[in-house]
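Structural description and commentary
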Amino acid sequence: MNEPKPPRWAETFLRFLLSPRDRLTVTGDLLEEYRENIHPQRGQREADRWYLSQVAGFAFRGNWLWAALLSGSFITRTALDWFVPPSDFYMRSFVSTWLAVAILLCAGFWAGRQSGLLRSGVLAGIATTLFSAVICAVGTGCLLAIRHDAPTLAAIQGSGGLAEVFTLPVMLVLPGTLLGAVGGLIGRIARRS
Amino acid sequence: MADILGTFEQAVLLAVVRLDDEAYGRAILKEVQARLQREVAAGAVHATLGRLEQKGLLVSRLGPGTEVRAGRPRRFYTVSASGRRALNDARAAANNLWRGFRWPLKGSYERTEASTLG
């Protein structure tokens with residue numbers, strides 16, 4: 001009989017998150033637990049869900065700092081635009097855009113240097129922007145709950161509206177992927193040199 | 001005295017001591033879960049093992065894989081002399097904090113004469 005297997009893509013994803021030193025041992029530990037304990041007790045579907053949650057845990061541990069920095073800068077910018085609206089958004093846009101670029105490049109660089117794989121940088125970019133999008137949605141929701149008087153609502157409209165605030169972090173996934181790839185490439189080169 | 005270990009770090013180090021020659025990632029994870037009586041993410045144990053090894057409290061070596069692991073090797077951990085010292089320090093610190101109290105705590109009258117230093 002064939003041994004049960006976790007989703008192949010999830011295992012591949014996990015390998016990209018790990019350093020070469022831990023790649024085989026950690027994936028081996030999870031596979032052993034999956035086959036000997038989780039799958040016999042919970043069945044294929046629940047075992048796969050368990051495996052995915054473990055992989056998500058590794059992804060979060062590797063990228064939470066970058067996600068926190070990215071979402072922190074976004075929420076700060078949003079709060080400033082809503083509560084201290086400027087006459088011209090140029091300087092704020094300039095600073096927040098380049099800050100986001102720097103954070104995503106660093107996320108990719110860190111992952112690429114740790115694993116020696118360009119794909120780790122790509123995944124770091126995706127994971128960072130996705131985790132950040134969730135934090136941003138919660139954070140901006142809280143800002144709105146704290147203050148939603150008429151001047152604030154007018155400032156929200158003047159800064160692009162609510163739709164932009166909630167969709168922009170999600171739209172960052174694509175540039176985040178590209179910047180993560182660039183950072184990952186630099187990180188890989190740094191590891192080899 | 002070195003940095004006092006956190007509760008989770010102590011749980012991981014003590015699991016390695018308990019498992020002795022069989023202390024590898026998955027076995028440590030299960031031992032920690034059993035002792036803490038809760039689900040623990042593999043990533044949390046893995047990160048802690050890495051941190052403790054970097055601090056020199058653990059040493060590791062690779063061992064052979066098995067069929068159920070698709071032949072992938074296991075990393076076995078041993079507590080170093082510094083690790084044992086850190087565990088002893090953590091235990092001594094906890095003992096000092098608790099000295100003179102009856103356990104479990106119910107109220108201030110549970111304090112005994114020995115609960116003050118000096």
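What comes next concerns the included structure.

Definitions and limits used
Residues numbered from 1 in each chain as written. Chains lettered and ligands numbered in written order. Predicted model: local features only at pLDDT ≥ 70, side-chain atom pairs only at ≥ 80, totals over all residues. Helix = DSSP H or I, 4+ residues; strand = E, 2+ residues; numbered from the N terminus. Buried ≥ 20, exposed ≤ 12 C-beta atoms within 10 Å, placed from the backbone. Contact = placed C-beta atoms within 7 Å. Axes fitted to C-alpha atoms, helices over the stretch in contact; angles between N-to-C directions. Parallel < 35°, antiparallel > 145°, perpendicular 65-115°, else oblique. Left-handed = near helix turned anticlockwise from the far one by under 90°. Nonpolar A, V, L, I, M, F, W, Y, C, P; charged D, E, K, R; others polar. Core = buried A, V, L, I, M, F, W, Y, C linked by C-beta atoms within 7 Å.

On a plain count of helices and strands, chain A comes out with 7 helices and 0 strands. In chain A, the succession of α and β elements from N to C terminus is α-α-α-α-α-α-α. Relative to its 193 residues, chain A shows a buried fraction of 42%. For chain A, restricting intrachain contacts to residue pairs at least 6 apart in sequence, the fraction spanning at least 24 positions comes to 82%.

Right, let's talk about unusual backbone geometry for a bit. Backbone geometry follows two general trends: most residues other than glycine have a negative phi, and most peptide bonds adopt the trans configuration. Residue and element names in this part refer to chain B. Residue Pro104 is bonded to the preceding Trp103 through a cis peptide linkage, with omega at 0°. Position of Pro104 relative to the elements: it lies in the segment after helix H4 (81-98). Look at Gln37: it is not a glycine, yet its phi comes out positive at around 55°. Mapped onto the elements, Gln37 comes out in the loop between helix H2 (25-36) and helix H3 (42-54). Positioned with a positive phi, Ala70 is a non-glycine residue whose angle comes to about 60°. By the secondary structure assignment, Ala70 is in the loop between strand E1 (58-63) and strand E2 (74-79).

All right, on to the environment of Ser60 of chain B then. Residue and element names in this part refer to chain B. Relative to the helices and strands, Ser60 resides in strand E1. Counting along the chain gives 17 residues from Ser60 to Gly43, while the straight-line C-alpha distance between them is 17 Å. Ignoring anything within four residues of it in the chain, the contact list for Ser60 reads Glu53, Arg75, Phe76 and Tyr77.

Here we come to the packing of helix H1 (residues 8-17) of chain A against helix H2 (residues 20-83) of chain A. All names here are of chain A. With their axes 6 Å apart at the nearest point, H1 and H2 run at an angle of 30° to one another. By the criterion of interaxial angle, the relationship of H1 to H2 is roughly parallel. For the pair H1 and H2, the crossing hand works out as left-handed. Across the interface between the two elements, Ala10, Glu11, Phe13, Leu14, Arg15 and Leu17 from H1 touch Arg23, Thr27, Tyr51, Leu52, Val55, Phe58, Ala59 and Gly62 from H2. Taken together, the residues of the contact of H1 with H2 break down into 9 nonpolar, 2 polar and 3 charged.

Below, the discussion takes up the nonpolar core. Judged by nonpolar contacts, the single largest core of 63 residues is most densely connected at Leu123 of chain A together with Val12, Val16, Ile28 and Val45 of chain B. The leading source of residues in this core is H2 of chain A, at 16 residues. Discounting chain neighbours no more than four positions away, the residues touching Leu123 of chain A are Phe13, Phe16, Leu17 and Ala111 of chain A.

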